[in-house]
Amino acid sequence: MRWRTVATKGFRLKEQHKEYAVEKNTVIAGGMGELGLGIEGILRRAARSLIEQAIEAEVAVLLEEFATVRMVDGRQAVVRNGHLPEREIMTALGPVPVKVPKVRDRSGSGIKFNSVLAPPYVRKSRTVAATVPWLYLHGVSSGHMQEALSILLGDEAKGLSPAVLGRLKAEWAQEYAHWQHRSLQGKRYAYWWVDGIYTNLRAEEDPRICLLVIIGVTAEGKKELVSVSDGLRESKASWLEILRDLQARGLEAAPLLAIGDGAMGFWAALDEAYPETGQQRCWVHKTANILNELPKAQQSKAKAALQEIWMAANRQAAEKALDVFVRNYQAKYPKAVAKLEKDRAELLAFYDFPAEHWRHIRTTNAIESTFATVRHRTTRTKNCVSRSSFLGLGFKMLQQAEKRWIGIYAPEKVLQLFAGVKFIDGLPANLTLPDDQQTAA
């Protein structure tokens, strides 16, 4: 590192010549513009550059993953769409302003970009309410928690000993227990998104458990957390226990439609507890399951053919596209076709609901996006927690995420559904056009 003396208005200052070396392969241009910035300011600017470069690499990976997904007119479905408003990430150097890119999913399947480095639930405010459960769910032990928090929160992390963290976990467990016993009398939900979320935590009593989560849509069109519990994702008994508990607390009205993965025991439990509820299989899960039965060379074409089904303007066109897929792949890939035909009716259930809601109810993205960085993690770490801590941490993370959830489009349509209005191909039955006119439109 070389220095040179600069004379300015009677003062003699030493200025670093040409560049400030911050880290290997990372430099900041020097010169008179850096005078008065201070070493901390220089380092914060370097940190901002590093963070933004890393986030850009994250979004590039996402765009590459979906590069082959195309619209009917050939345009790429998932594209960049500017940036989120600038926010500050707390570091040991102080607040560092960062802009996180956004992506747009033109196909309506709900693909979003959530940075692992700057997740939406680590905010500008100096609070551990969101940060600590996030770190635990990423496998950071109590012994390393203070070090991790020091990087994120700076001075606020001082005094956060393992004992303090233990008390925080106990408080979250108490909050969860109180919330889990709240009254649901008079509540009604139009939609439920349901999934079993695996984390890299394991409980002392049973290392196989996961978080069983239900998110609902209220009469006002708002998303809210309905239930968080633990159990076996594929177990009917686990899900039935949850549904019976909801009924016992006053949730008598069945949701109109439940959306989830086809592999869960939830569907058998739903038939028993709320048999009148419609069932919609998640197209993201179904597509992945079908593509797993095809050779890699065939997957891109098959994916586009599946998209033709769920993007069809009406049920008749979707049925036709589905028949084309069956005809083209039945002979060579019968297992792939069997996975599609097995849930034929449940995959097209969304056509009986408002078209404005289709983008929401074709997939379980409402849950998947919340747990984008931790879902389906089956690798266990050495973090072994009690059942109450396990549930308290999961609940706290979901509670923080719930504050950012955006309601569904056209919320007034929910009241129409509750009033008994029937929808055909996304339109109220009295406004539905004949099939030939819909196709022409």
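The shown structure was predicted, so the numbers you read here are calculated from the model rather than taken from an experiment.

(A) Region of the structure containing the packing of helix H5 (residues 236-248) against helix H6 (residues 266-273). Close contact between H5 and H6 brings their axes to 8 Å; oriented N to C, the two are set at 35°. The hand of the H5/H6 crossing is right-handed. Here Lys236, Trp239, Leu240, Leu243, Arg244 and Gln247 of H5 come into contact with H6, specifically with Phe266, Ala268, Ala269, Leu270, Glu272 and Ala273. For the contact of H5 with H6, the class distribution of residues is eight nonpolar, one polar and three charged.

(B) Structural context of H5. Taking 1.5 Å of rise per residue, the 13 residues of H5 would be expected to cover 18 Å, and the 18 Å separating its terminal C-alpha atoms lies within 8% of that figure. Of the positions making up H5, those classed as buried are Ser238, Trp239, Leu240, Ile242, Leu243 and Leu246. Buried residues along H5 sit against strand E9 (191-197), strand E11 (210-217), strand E12 (223-231) and H6. Capping of H5 at its N-terminal end is provided by Ser235; its side-chain oxygen lies 3.2 Å from the backbone amide nitrogen of Ala237. A positive backbone phi angle near 110° is found at Gly250, which sits one or two residues after H5.

(C) Inspection of the nonpolar core at higher detail. Within the largest apolar cluster, 54 residues are counted, with the highest numbers of intra-cluster contacts made by Tyr191, Leu225, Trp283, Ile309, Phe325 and Leu340. For this core, the element with the highest residue contribution is helix H9 (residues 315-329), accounting for six residues. Setting aside its immediate chain neighbours within four residues, Leu340 contacts Trp283, Ile290, Leu306, Ile309, Leu322, Phe325 and Leu347.

(D) Molecular detail of the packing of H9 against helix H10 (residues 334-342). H10 packs onto H9 with a crossing angle of 160° between their chain directions and a minimal axis gap of 9 Å. Put simply, H9 runs roughly antiparallel to H10. In this structure, H9 meets H10 at a crossing whose hand is left-handed. Here Leu322, Phe325, Val326 and Tyr329 of H9 come into contact with H10, specifically with Pro334, Val337, Leu340 and Glu341.

(E) Here's a closer look at the pairing of E11. Within E11, eight of the eight residues are buried, which leaves it mostly tucked inside the rest of the structure. Summarising the sheet, E9 and E11 pair through six bridges and their orientation is antiparallel. Counterpart to Val194 in the pairing with E11 is Ile214. Here eight bridges tie E11 to E12, and the two strands are oriented antiparallel to one another. Within E12, the residue paired with Val213 across the bridge is Val228. Between E11 and E12, which pair antiparallel one after the other, the connecting turn spans five residues, and Gly221 there sits at a positive phi close to 80°.

Cut-offs used in this document
Residues numbered from 1 in each chain as written. Predicted model: local features only at pLDDT ≥ 70, side-chain atom pairs only at ≥ 80, totals over all residues. Heavy atoms only, no water. Axes fitted to C-alpha atoms, helices over the stretch in contact; angles between N-to-C directions. Helix = DSSP H or I, 4+ residues; strand = E, 2+ residues; numbered from the N terminus. Left-handed = near helix turned anticlockwise from the far one by under 90°. Contact = heavy atoms within 4.5 Å. Nonpolar A, V, L, I, M, F, W, Y, C, P; charged D, E, K, R; others polar. Expected span 1.5 Å × (residues − 1). Buried < 20%, exposed > 50% of the residue type's maximum accessible area, 1.4 Å probe, protein only. Polar contact = N/O pair within 3.5 Å; in protein donor to acceptor, adjacent residues only side chain to side chain. Core = buried A, V, L, I, M, F, W, Y, C linked by side-chain atoms within 4.5 Å. Parallel < 35°, antiparallel > 145°, perpendicular 65-115°, else oblique. Pairing = 2+ DSSP bridges.

Note that every value here comes from positions in space, so none of it alone points to a role or purpose.
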